[in-house]
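# Coordinates in review
So the chains spell out like this:
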Amino acid sequence: MQRERLQNYVGNGTPVQPTFSATEMQRRLDAIRGVMAKNGIDAALFTSYHCINYYSDFLFCQFGRRYGFLVDHNVATSISAGIDGGQPWRRTFGGKNVTYTDWQKDNYFHAIRQLTGGVKRLGIEFDHITIDTLNLLKSEFPNMEFVDIAAHSMRLRMIKSAEEITHIEKMTRIADIGGGAVVEAIEVGAPEHEVALHSTATMVREIA
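The structure reproduced in this document is the subject of the present report. (Residues numbered from 1 in each chain as written. Predicted model: local features only at pLDDT ≥ 70, side-chain atom pairs only at ≥ 80, totals over all residues. Heavy atoms only, no water.)

A separate point is the overall build of the protein. Summing up its helical and strand segments, the protein has eight helices and seven strands in all. The dimensions of the protein, computed from C-alpha atoms along their principal axes, are 65 × 45 × 35 Å. Split into buried and exposed, the 208 residues of the protein put 38% on the buried side. For the protein, the exposed area adds up to about 11,700 Å²; of that, 55% sits on carbon and sulfur atoms. (Helix = DSSP H or I, 4+ residues; strand = E, 2+ residues; numbered from the N terminus. Buried < 20%, exposed > 50% of the residue type's maximum accessible area, 1.4 Å probe, protein only. Areas by Shrake-Rupley, 256 points an atom, 1.4 Å probe, with all protein chains shown as cover.)

Here you go:
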């Protein structure tokens, strides 16, 4: 009996409070889709921590598995491993998610295939993707052209919106508080872990 290749966790639990507003997240997707349209890219497969988080608001923990965020000109979908259950869906902006199982080693690429029908030019992050993964993509999708979208994405991330600046200012204030806590805890003979614990606990309480 062939075990399931994909699982559906859409609707599993309640979506979390997002980091940014829907307007901000849509602005980011609109910007990268503008780049895609200008460069004749049908869809983009983001694989790095920074791009998946930037465009989806989902921050994954790899655990030896592949993750992705597939953006075409209409839909954006996170691709996650079954180990995470419904968490990726709860955290992905727009609520689109595909979960693959571990029962077959190529299930990650099977998930991509479900999202890339008709795609001829696929944007990928040349500065992040491994040679192994690139070779597997070429093997799985022999008729697809892979083009670099990393530099374009980096330039978009560098220019901060007003909402991003406000968020950064909040986080730097928290970091300053953590630094002050380090100064409070440092003394001759104080173990490093105690200093770190005091700083971390102070920041966590302030965030809470």
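The seven strands lie next to each other as β1-β5-β4-β3-β2-β6-β7, forming an open sheet whose pairing is mixed. A single partner strand is all that each edge strand has here, and the edge strands are β1 (6-7) and β7 (145-148). Sheet topology places strand β2 (residues 43-46) next to strand β6 (residues 121-124); three bridges connect them, and they run parallel. Looking at β6, one finds that alanine 43 is bridged to leucine 122. Helix α2 (residues 49-56) rests against β2 and β3 (68-72) of the sheet, and its axis sits at about 55° to β3. (Pairing = 2+ DSSP bridges. Contact = heavy atoms within 4.5 Å. Axes fitted to C-alpha atoms, helices over the stretch in contact; angles between N-to-C directions.)

Now for the state of the cysteines. According to the stated counting rule, one finds zero disulfides in the structure shown. You can see cysteine 51 has no disulfide; the closest cysteine sulfur is in cysteine 61, sitting 18 Å from it. Take cysteine 51: its relative accessible area is 1%, and that puts it in the buried class. (Disulfide = S-S within 2.5 Å.)

Let's shift gears to the layout of surface pockets. Of the voids in this model, the largest pocket is the one considered here, and its volume is about 380 Å³. Around the largest pocket, the lining comprises 17 residues; the ones closest to its centre are Thr19, Phe20, Asn53, Asp57 and His167. Looking at the lining of the largest pocket, the elements that each hand over two or more residues are α2 and α7 (162-185). Its residues placed into classes, the lining of the largest pocket shows six nonpolar, five polar and six charged. One number sums up the size of the second largest pocket: a volume of about 150 Å³. Taken together, Thr47, Phe60, Gln62, Arg65, Arg66, Tyr67, Tyr108, His128, Ile129, Thr130 and Thr133 make up the full set of residues lining the second largest pocket. When grouped by side-chain class, the residues that make up the lining of the second largest pocket number four nonpolar, five polar and two charged. (1 Å grid on protein atoms, 1.4 Å probe; cavity = no way out; pocket = protein on both sides within 12 Å on 5 of 7 lines; lining within 4 Å. Points joined across faces, edges and corners; volume = space filled by probe spheres on them. Nonpolar A, V, L, I, M, F, W, Y, C, P; charged D, E, K, R; others polar.)

Locating methionine 203 in the fold gives a position in helix α8 (residues 192-207). By relative accessible area, which is 24% here, methionine 203 ends up partly exposed.

Along helix α4 (residues 107-115), seven of the nine residues are buried, which leaves the element largely enclosed by surrounding structure. When we look at burial in α4, the residues that qualify are Asn107, Tyr108, Phe109, His110, Ala111, Ile112 and Leu115. Among the structural elements, β1, β2, β3, β4 (76-81), β5 (97-100) and α5 (131-140) are those in contact with the buried residues of α4.

For the rest of this paragraph, the subject is the pairing of β4. Among the six residues of β4, six are classified as buried, and the element is accordingly described as predominantly covered. Here β4 shows no split at all, with Ala76, Ser78 and Ser80 on one side and Thr77, Ile79 and Ala81 on the other all buried. One ladder, built from four bridges, connects β3 with β4; its direction is antiparallel. The residue of β4 that forms the bridge with valine 71 is alanine 76. Hairpin connection from β3 to β4: three residues lie between these consecutive antiparallel strands. Both β4 and β5 contribute to a ladder of four bridges, which runs parallel.

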